[in-house]
Amino acid sequence: MGPREVVFSANCFAAAMLALYVSFALGLERPFWAMATVYITSQPLSGAVRSKAVFRLLGTLVGASAAVVMVPLLVDAPLLLSLALAGWVATCQFVSLLDRTPRSYLFMLAGYTAALVGFPTVGHPEAIFDVAVLRAQEIGIGVTCAALVHAAVWPRSVTALLGARVRTLLAEAERWIADALAPVPTERADQERRRLAGDVTELHVMATHVPFDTAAARPTRALLSALQDRFVLLLPLVSAVEDRLRAIAVEGEVPADVAALVEDVRAWASDAGAHDPASLAARVDALAAALTPADWRELLIANLLDRLRELVEALDTARLVAAQAIDPGAAPLERVRALLSERRRRPLHRDLPLALLSAVATFAAILACCGFWIMAAWPEGAVAAMIAAVVCCFFATMDDPVPAQRGFLIWTVASLPLVALYLFALLPLVHSFETLALLLAPALLVPGVLMALPRWYGRMMPLLIGFAGGLALTNSFTADAAGFFNGSVAQLAGVAAAMVATRLCRSLGAGAALRRLRRAGWRELAELAAHPGRAPLPAWRSRMLDRVGLLGARVGDLEQGDRDAGMAALRELRVGVNIAQLAPANDDSLAALRADVAAHYRARARGDVAAPEAALLARLDAAIATALAEVPAPRDRLAALTGLRRNFFPAARELDHARAAA
């Protein structure tokens, strides 16, 4: 905790009081909406505040408009109205989870805003338009005040922080590569790999706010996505180099010239000025050209050289793209421009079944609250339905939202005594806005400081939302004990309904999420092997890169068994590239090999088999023997076959020529 956190809290409080004052001055009915919006929108980075402000306002307008259409049409049929509103929220959440871009926040807001506007007005539908306009006005005031204050007082640029983060990330990658290529593997290499994977995901999150940053020169999202891709590519690539070095050491000593090259690449990874990457690449090519593989050990050496060549190119490109991201005002190099032109559109992994289950959980939670509300004629039933919608949407992107929802429940409960203290003891003493601001300061400033700390954000946000919503500040103050009790019970019931529905429908841990990601990758690998021309390779590579990033971000949260599976999944990107390298060849034996690979991955996706069958090893040995007999030997095909054999059968040693001939 330091000056940054204190200033952030002061900015939040100033923006909240400004929003509250403007709402009071305009005579709006629910000024507390504007105050709560400030805290929901505020982020330590000024660009993040502006991005959330834009999407929150747009989502509010869309959601309020949907409520204006649905409520008057269906108000005489409570069940149909409940189904319509619950279906709208669930559909918007489904689209939000599939979108996976910054605009997903817009869809999420459009969903639960309809619930926030629609449910409270079912008793007086004639006021729905006024309530919708009021909601839009209050949200607009809140986001505008938050954006203005955070941009004016000690703004923290996303671009500047991103540049520092990129430097750190590049240093981590260089240190990990140096450790991975060390003659004796270091114990910290695995930890560094997991840290790098998590930091790459953090880079992606920060990049979503860059378009809204206040900096004059800022990197494009295409540049940042390309940088993320370069770092993600390093994960399986360095692992492959590590694996080949170990495999060669098992077969015998690493040749002196190859060992010297590996050491020079390691020195260059630690210090970019130690060697010229072009000269390193030339040395790799010279050694590879002089090598005529005749046995398994020499094939491993040839494969190591291919991977080293790719590693030099990948790290050099990552450094160039990182330099461009750190200094976005500089003219981009030709290699960077070419890279950006290749990836203007990047298809991402989409988990339709999981998104659908999340939508079903939201639909069920809202409908359960509405059913109890209708049957019991509970006056505060609308609050329960609203809170269920909000809580389901808030945490839908998590593997297991229930722990976060439980924390939301706990800290909402923690806000209730504070709300009661203010409602029944302190607020009756207030007779001016200045007194109100002074009175609110302790309750808002302290949580605001803690909210700036990542580990406290998830606790302070529900506390502040519960506090602002519980006070329900309006131009005419009333303190109703029965209303406070019923409203509090309704809030807790809504959170509880969200937790139960989520637990029943879609809760899964990091290990289960990893297995879902791997099964999706296996299905696409099977398709790629069986029909190499049907799925465009760039689109498949993009989805696989995205999955590798998602897997890497979860590795630190896994048990050891799942963690090993997660690191194995990082190598499957290399498997797909190897399969694609075999696609141009029309040899019948290679077609049969691809069919066996496709059958293996289909079986894995179904959960029928974990290890590849021995027949696949025979196919690989036969294909390698055929390629070795050709003059000149097809280098790309041998590299692909060697990579497949090493990934599928890491324990297999020398080629079995008898098996290959059979």
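Residues numbered from 1 in each chain as written. Predicted model: local features only at pLDDT ≥ 70, side-chain atom pairs only at ≥ 80, totals over all residues. Heavy atoms only, no water.

K.L.:
Residues and numbers for the confidence of the model for the protein, please.
P.N.:
Note: predicted coordinates in regions of low pLDDT should not be interpreted at a detailed level. Mean pLDDT over the protein works out to 84, with 85% of the residues at or above the 70 mark. Between the elements of the protein, mean pLDDT differs from a low of 47, seen in helix α26 (residues 657–661), to a high of 95, seen in helix α17 (residues 433–451). Segment residues 658–662 is flagged for pLDDT under 50; beyond a separation of four residues in sequence, or across chains, it makes eight contacts in the model. (pLDDT = per-residue confidence, 0-100. Helix = DSSP H or I, 4+ residues; strand = E, 2+ residues; numbered from the N terminus. Contact = heavy atoms within 4.5 Å.)

K.L.:
Can you explain helix α4 (residues 78–99)? Please cite residues and give values.
P.N.:
Helical geometry: 3.6 residues make up each α-helical turn, so side chains three or four residues apart lie on a common side. With 22 residues, α4 should cover 32 Å at 1.5 Å per step; its first-to-last C-alpha distance of 31 Å lies within 8% of that length. Residues of α4 that are buried include every one of Leu81, Ser82, Leu85, Ala86, Val89, Ala90, Cys92, Gln93, Ser96, Leu97, Leu98 and Asp99, and no others. Count one or two residues on from α4 and you reach Arg100, which has phi positive near 55 degrees. (Expected span 1.5 Å × (residues − 1). Buried < 20%, exposed > 50% of the residue type's maximum accessible area, 1.4 Å probe, protein only.)

K.L.:
Quick rundown of the packing of helix α9 (residues 221–251) against helix α25 (residues 635–648)? Include the residues and the values.
P.N.:
Packing of α9 against α25 leaves a shortest axis separation of 12 Å and a crossing angle of 80 degrees. On the basis of their axis angle, the class for α9 and α25 is roughly perpendicular. Counted together, Asp243, Arg244 and Ala247 of α9 and Gly643, Arg646 and Asn647 of α25 form the full contact between these two elements. In terms of residue class, the contact of α9 with α25 is made up of one nonpolar, two polar and three charged. (Axes fitted to C-alpha atoms, helices over the stretch in contact; angles between N-to-C directions. Parallel < 35°, antiparallel > 145°, perpendicular 65-115°, else oblique. Nonpolar A, V, L, I, M, F, W, Y, C, P; charged D, E, K, R; others polar.)

K.L.:
An account of unusual backbone geometry is needed here, citing residue identities and associated values.
P.N.:
We note that Ala377 has phi near 50 degrees; this positive angle belongs to a residue other than glycine. Within the secondary structure, Ala377 is located in the loop between α14 (352–376) and α15 (381–394). The phi dihedral of Ala472 is positive, around 45 degrees, even though this residue is not glycine. Within the element layout of this structure, Ala472 appears in the loop between α18 (454–471) and α19 (481–505). Judged by relative accessible area, Ala472 falls into the partly exposed class, the value being 32%.

K.L.:
Lay out the packing of aromatic side chains in plain terms, naming residues and giving numbers.
P.N.:
Inspection of every chain in the model, using the stated rule, returns 14 aromatic pairs. Note on Phe24 and Phe433: the rings are 6.3 Å apart at their centroids and 75 degrees apart in plane angle, and the pair reads as edge-to-face. Here the residue Phe24 occupies a position in helix α1 (residues 3–25), and Phe433 occupies one in helix α17, the gap between them amounting to 409 residues. The exposure class assigned to Phe433 is partly exposed, which follows from its relative accessible area of 22%. Pairing Phe119 with Trp373 gives two aromatic rings, centres 6.0 Å apart and planes at 70 degrees, and the pair type is edge-to-face. Taken together, the residues span a long stretch of sequence, with Phe119 in the loop between α5 (104–118) and α6 (128–152) and Trp373 in helix α14 at a distance of 254 residues. Pair check on accessibility: Phe119 and Trp373 agree, each one buried. Three or more aromatic residues link up through ring pairs in this structure, and these residues are Tyr112, Phe394, Phe395 and Phe408. Geometry around Trp456 places Arg459 over its ring, the cationic atom sitting 4.6 Å from the centre. Above the face of the Trp296 ring, Arg645 is positioned so that its terminal group lies 4.2 Å from the ring centre. (Phe/Tyr/Trp six-rings, centres within 6.5 Å; stacked < 30°, edge-to-face > 60°. Lys NZ or Arg CZ within 6 Å of the ring centre and 35° of its normal.)

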